[in-house]
Structures are given as structure tokens and as C-alpha cells.
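So the chains spell out like this:
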Protein chains: 2
Amino acid sequence: MNGRSTIRLLLADDQALVRGALSALLNLEPDLEVVVEVGSGDAVLPAVLEHRPDVALLDVEMPGLDGIAATAEVRRDAPDTRVLIVTTFGRPGYLRRALQAGASGFVVKDTPASQLADAVRRVHAGLRVVDPALATDSLLAGESPLTARETEVLQAARDGSPVATIAARLFLSEGTVRNHLSSAIGKTGAANRAEAVLTAEGNGWL
Amino acid sequence: MNGRSTIRLLLADDQALVRGALSALLNLEPDLEVVVEVGSGDAVLPAVLEHRPDVALLDVEMPGLDGIAATAEVRRDAPDTRVLIVTTFGRPGYLRRALQAGASGFVVKDTPASQLADAVRRVHAGLRVVDPALATDSLLAGESPLTARETEVLQAARDGSPVATIAARLFLSEGTVRNHLSSAIGKTGAANRAEAVLTAEGNGWL
DNA sequence: GGTGGCGCATGACATCTGTCATGCCGACGT
DNA sequence: ACGTCGGCATGACAGATGTCATGCGCCACC
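Remember, predicted model here, so these are calculated numbers, not experimental data.

Glancing now at the protein's contact with DNA strand D. Close to DNA strand D lie 19 residues, the nearest being A:Ser182, A:Arg193, B:Thr147, B:Ser173 and B:Gly175. For the surface near DNA strand D, the secondary-structure elements that each account for two or more residues are α9 (174-188) of chain A together with α7 (148-156) and α9 (174-188) of chain B. The greatest single-element share of the surface near DNA strand D, amounting to six residues, is contributed by α9(A).

Encoded structure:
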């Protein structure tokens, strides 16, 4: 690619301290070089286009675009840059959505630090890197059983808003909102609106 | 203290990747040295007693003991070790409780990486390090207005359990649980049980 | 061209939630 | 000793929530 055998990296994470620390960690490796750091999802694509890194390390939880959406953008406009997702939460749905968006790898933040550099090298070599434990979880949890509307309604219910507020926000009748919620509660196996939100979040369905 | 002018550090964070990365970052500084890393709150005190670091960097969110409780332990049994809290969430209540527990500093994870080493040095020199923006928030939000029971009941309501479940878990009558919840809802200015949980969490009252 | 899934809506019903008044008890402060 | 506050409880009430049956229109699939 560029400097013969050094792998050029983009690093995206909203927490400056973590970003700087990861940068320090990766720069210790002689064959790796962080060429650009960004702190929001919106900044990823422009930075990729400008610096053309070999591998982009993206956090999922970011302001603006999340890491998954940023992945899709990068794959579309800069297919030479491979994407490695690094995230706090090992939610099954995240993995599936990340891979569908075109990510080459998926690493959770409690894997040992020593393995990160290897993951980067493997991704750069064209291999897939996926946490094995997470992969089985992902298969077990499967795709979201929720329809688009149900997902939307559940999202609007996350902050504890009453039905009336949700209905107004989505321009639906209150009865319809209750129907969607009831259906979502049934599908998640919850007893409750709040529980349904929690299990859906835990599975990465929101 | 030990190696003349090098500051010896303990690093506690449950995410191995972040822990390793912070370690790399801090070890870049010639006057800092990470002598021990742990991944849970319970492991902090034994590690401190064994290695006697000058400064302990603790995350708040950890399995077992959280960073605040670990701080109190360290202050009690190893008063020579100063504590710097490093956390993801800038919740006002966290700051107050951390300082009450005897922490010398409090840094959120989206401060620039370059300032962390300085924070460590200042703490080691006996100074206090506090995010100024967070300090004002903390004053505004003040202490938790919730009574012990109300707090307990709200905690039990976090997962969306219905009143009956909460009552059974705390050995209370359903009516009493509803009273405590109603009171907590009033004090938090929420319209709702779920909202009350969210604002209480946001303020670090749980 | 029928069938099924989804979105939307309404109405009715049972249950859960939040509020309020009231009362009892123990702890604490004056 | 008295008042206040917190914890606990009960009962009653209004309003929010969850469930169900039913109906309509749309679209995709066979």
C-alpha cells in the first residue's frame, strides 16, 4: 500500500482519553501507524478520503453517525479501507449489523490489549476477525424479530415516555402505539414495556 | 518514594483493551510507571497492599466493588496511595461520592489524552484534580434528595420489574413500594417510574 | 387472484400504576 | 415530653397500560 510494510490506521472513538490511549498502544508496534484520529462518526468518511488508511478502527457508540453507519459509508466510498469495529458492548445484533455493513472484524473492549495489533494485521491481510464467543451468541439471538414500526415505537419508549407522547412523536393513534408495544413485548418475552426495551437493547435490536 | 522521581501507578479498569491502552499511554512518560493492572474492584486493595503504588487510577464502573467503594478501601488501609478516578460518565453524584470517599482527583474519559499524565503528576504532588465543568454540575445537582428506601426501591425498579416483584424482593408490601416510588417520582420531577430511574441514574443517585 | 404479513385504527376489558389520606411505630432533636 | 421525619402499611380512586377482537388498505409472493 503506502510505506511498504507499515499499516496505516484511522482511529475513531468519542472518548478522547481512550482514543489517545489506543493510539499510544498501536504506535508501539513497529508495523502500525495511526495516521488520523477522529471523535465522531460524521468525521470518519472525510478523514478516510483524505488520508486513505489501510484499516479503520471504529467504535460503535459515537455521536452523530454510529460506527455501523460509518462502516457502510466507508465501504461504499473507499472500498480499499478495511474496517475493524471495536466496541464496549458485545451485543449480538451489533456483530451481525456490523458484518452486514461490510466490517472485516469485530473486537470487544475486554479482549486483551496484546491481541488488538494482531487483529489489525489480520484484517489488513484480508482475513475476518470475530470474537468466537460473540459469534455463537449472535447465531443464538438471531435477527431482530421486531418489525420496523415496532422497533421505532420501542425506541421512542426508551426514555419512559407515556403512550400519548410516543403517539404524538410518531404521528400515530394511541391505540396503535399500544398495539405495537404489546406486540413487541410479546416478541421479546418481556412482561413489560421497560423490560422489552432492556432486552431489545441488550440484543442490539434498537 | 521509590525509584527516586518515578511515580508508580496502579491501573484498574474492567475493559482489558482500555486498561492496556492506558498503560501504554502512561508508560510513554519517563517519570511514570504502571506497576500493576487489575480488572475488578475487588482486586484493587490487595494489589495496592502488595505493590504500594504512589497513585491508583480507578474506573468507577467495574464488576465487584465499584471504583468509589475501592477508593474508600484504599484510603482506609493504604493512606499513602492517592486515588485518581477515571470514568466514562461525568455524573455529578459520582464526583461528590468519589471525593467523599477520599479520592484526590476525578477525570472523565473524554478529556484529552495529553492531560492524563499531568493529572497524575498533580495528584501525586498532593493537589486536587477536578474537571471544572463537572464541579459546577455537581454543585447544581447537589446531594440525592432520595431517602435510603426510595433509592433501594428505584434500584430494584431499574430492570422494569413490576411492583409485585419489587415488593417481594425487598420484603415490602406492594402499597409501600408504590408509595416510595411515588415519592421518588415526585422528588426527581419525573412523570413516570422509568423517567425517575433515568434522571436518578443520570445524577449518580443510584 | 388468493393468501398472508404489516401498518393503522377503534373499542372494550382487565390489570397495573401513581396519588392521596390516614394511621402506627421508632428515632432524633429541642 | 413533644414534634418531626422516615419507614411501613392499608384502602380507595383515577388514569395509564397491556391484551384482544375486529376491520380496512396495501404490498409481496405463489
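Additional details are given in the paragraphs that follow.
What follows is about the relation of the copies chain A and chain B. Relative to chain B, chain A is turned by 180 degrees and slid 0.0 Å along the rotation axis, the superposed coordinates differing by an RMSD of 0.1 Å. Taken together, the rotation angle and the small translation identify this as a two-fold axis. For chain A, the smallest separation between a C-alpha atom and the rotation axis is recorded for A:Ala21, amounting to 2.3 Å. Counting the interface residues of chain A, we find that 100% of their copies in chain B are interface residues as well, pointing to one common contact surface.

Looking now at the interface of chain A and chain B. Facing 27 residues of chain A, the contacting portion of chain B comprises 27 residues. For the side of chain A that touches chain B, the element with the most residues is helix α1 (residues 16-27) of chain A, which contributes nine residues. Across the side of chain A that touches chain B, the residue classes break down as 15 nonpolar, six polar and six charged.

Close to DNA strand C lie 19 residues; A:Thr147, A:Ser173, A:Gly175, B:Pro162 and B:Arg193 are nearest. Among the elements of the structure, α7 (148-156) and α9 of chain A together with α9 of chain B are those that each provide at least two residues to the surface near DNA strand C. It is α9(B) that contributes the most residues to the surface near DNA strand C, six residues altogether. Of the residues assigned to the surface near DNA strand C, the class counts are six nonpolar, nine polar and four charged.

What follows covers the domain arrangement of chain A. Many structure descriptions define interface size as the accessible area lost when the parts assemble. Segmentation of chain A into domains returns domain 1 (7-140) and domain 2 (148-202). Using only C-alpha atoms to locate each centre, domain 1 of chain A and domain 2 of chain A end up separated by 32 Å.

Time to look at the pairing of strand β3 (residues 55-59) of chain A. Residues and elements named next belong to chain A. Most of β3 sits inside the fold, with five of its five residues counted as buried. Residues Val-55, Leu-57 and Asp-59 of β3 are buried on one face, and the alternating residues Ala-56 and Leu-58, pointing to the opposite face, are buried as well. Where strand β1 (residues 7-12) and β3 come together, four bridges link them in parallel fashion. Of the residues in β3, the one forming a bridge with Leu-9 is Val-55. Note: β3 against strand β4 (residues 82-87), five bridges, orientation parallel. For Leu-57, the partnering residue across the bridge sits in β4 and is Leu-84. Handedness of the β3-helix α3 (residues 67-77)-β4 crossover: right-handed.

Parameters at a glance
Residues numbered from 1 in each chain as written. Chains lettered and ligands numbered in written order. Predicted model: local features only at pLDDT ≥ 70, side-chain atom pairs only at ≥ 80, totals over all residues. Near = placed C-beta within 6 Å. Helix = DSSP H or I, 4+ residues; strand = E, 2+ residues; numbered from the N terminus. Least-squares fit on C-alpha atoms with pLDDT ≥ 70 in both. Contact = placed C-beta atoms within 7 Å. Nonpolar A, V, L, I, M, F, W, Y, C, P; charged D, E, K, R; others polar. Domains from an automatic or database assignment. Buried ≥ 20, exposed ≤ 12 C-beta atoms within 10 Å, placed from the backbone. Pairing = 2+ DSSP bridges. Right-handed = clockwise from strand over helix to strand, strands pointing away.

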